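# Chain and residue survey
Listed below, chain by chain, are the residues.
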Amino acid sequence: MWTTVCRVDECPPGSGKEVVVGDRLVALFNVDGTFYALDGVCPHQGGPLAKGAVQGCIVTCPWHGWQFDVRTGEFQLRKALVQPTFEVRVEVEAVQVREAG
Ligand code: FES
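The structure displayed is predicted, hence computed values, not measured ones. Starting afresh in each chain, residues are numbered from 1 along the sequence in its written order. pLDDT decides what is reported in this predicted model: residues at 70 or higher carry local features, side-chain atom pairs at 80 or more are listed and counted, and totals for whole chains, interfaces and linings draw on all residues regardless.

## Points about the overall build of the chain
The cut-off we apply is this: The way it works is that DSSP assigns letters per residue, a run of H or I at least four long becomes a helix, a run of E at least two long becomes a strand, and they are numbered from the N terminus. Here the globule rule is a power law, 2.2 Å times the number of residues to the power 0.38, and the radius of gyration is based on C-alpha atoms. We call two residues in contact when their backbone-placed C-beta atoms lie within 7 Å.
Scanning the chain for helices and strands turns up 0 helices and 10 strands. Listing every helix and strand of the chain by position from the N terminus yields β-β-β-β-β-β-β-β-β-β. In terms of overall dimensions, the chain is globule-like: its C-alpha atoms have a radius of gyration of 12 Å, near the 13 Å expected for 101 residues. Projected onto its principal axes, the C-alpha positions of the chain cover 35 × 30 × 20 Å. Within the chain, residue pairs in contact and separated by at least 24 positions form 40% of the contacts whose partners lie at least 6 positions apart.

Put into structure tokens, the structure is as follows:
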């Protein structure tokens, strides 16, 4: 099921936005016009990944600096730790995230 989470212009390139999809907090990111979505709750201590700085494809958790690739969810220090990702699509100007399950 696809959920509309915002308009394209509400999450400009190089930024992130916290959205809710079903009962999940999701971190939406725009990397050069392509959208990606991760589980928005950092696996370290629950920090808000959507509020982290984004450089290229890497987001840095604002609480203690854990870094994840927004395309794959991979934790940069230990790639076996993967933050869940969600499919994203753009329909006209609406950004939509696919609810897992
Ligand atoms: S809560 Fe994200 S790095 Fe600690």
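## Some points on the sheet that holds strand β10 (residues 94–98)
Formally: Any two strands with at least two DSSP-identified bridges between them are counted as paired. Fitted lines through C-alpha atoms give the axes, limited to the stretch in contact for helices. The angle between two N-to-C directions lies from 0 to 180 degrees.
If you trace the 3 strands from one edge of the open sheet to the other, you get β1-β10-β9, paired in antiparallel fashion. With partners counted over all chains shown, the strands left at the sheet margins are β1 (2–7) and β9 (88–91), one partner each. Neighbour-to-neighbour, the strand axes of the sheet open up by a mean angle of 35 degrees, direction not taken into account. The sheet contact formed by β1 and β10 spans 5 bridges and is antiparallel. Within β10, the position partnered with Cys 6 by the bridge is Val 95.

## A look at the pairing of β10
For clarity, the cut-off: Neighbour density around each residue's C-beta defines its exposure: 20 or more other C-beta atoms within 10 Å make it buried, 12 or fewer make it exposed, and counts between make it partly exposed, where C-beta atoms are placed from the backbone.
Side chains Val 95 and Val 97 project from β10 onto a buried face, and the interleaved Ala 94, Gln 96 and Arg 98 project onto a face without burial. As judged from the 4 bridges shared by β9 and β10, these two strands associate in the antiparallel manner. Along β10, the bridge assignment pairs Val 90 with Val 95. Remark: 2 residues form the turn of the hairpin made by β9 and β10, two consecutive strands paired antiparallel; Val 92 in that turn has positive phi of roughly 55 degrees.

## A closer look at the sheet that holds strand β2 (residues 15–21)
In a beta sheet, neighbouring strands are held together by backbone hydrogen bonds and run either parallel or antiparallel to one another. Pairing in this open sheet of 4 strands is antiparallel, and the strands run β2-β3-β4-β8 from one edge to the other. Strands at the two margins of the open sheet, each flanked by one partner only, are β2 and β8 (85–86). Two strands pair when backbone bridges link them, and β2 and strand β3 (residues 24–31) are joined in this way by 7 bridges, in the antiparallel orientation. Counted as the bridge partner of Ser 15 is Asn 30 from β3.

## Things to note about the environment of Val 92
The residue Val 92 is located in the loop between β9 and β10 in this model. For the pair Val 92 and Gln 67, spaced 25 residues apart in sequence, the C-alpha separation works out to 31 Å.

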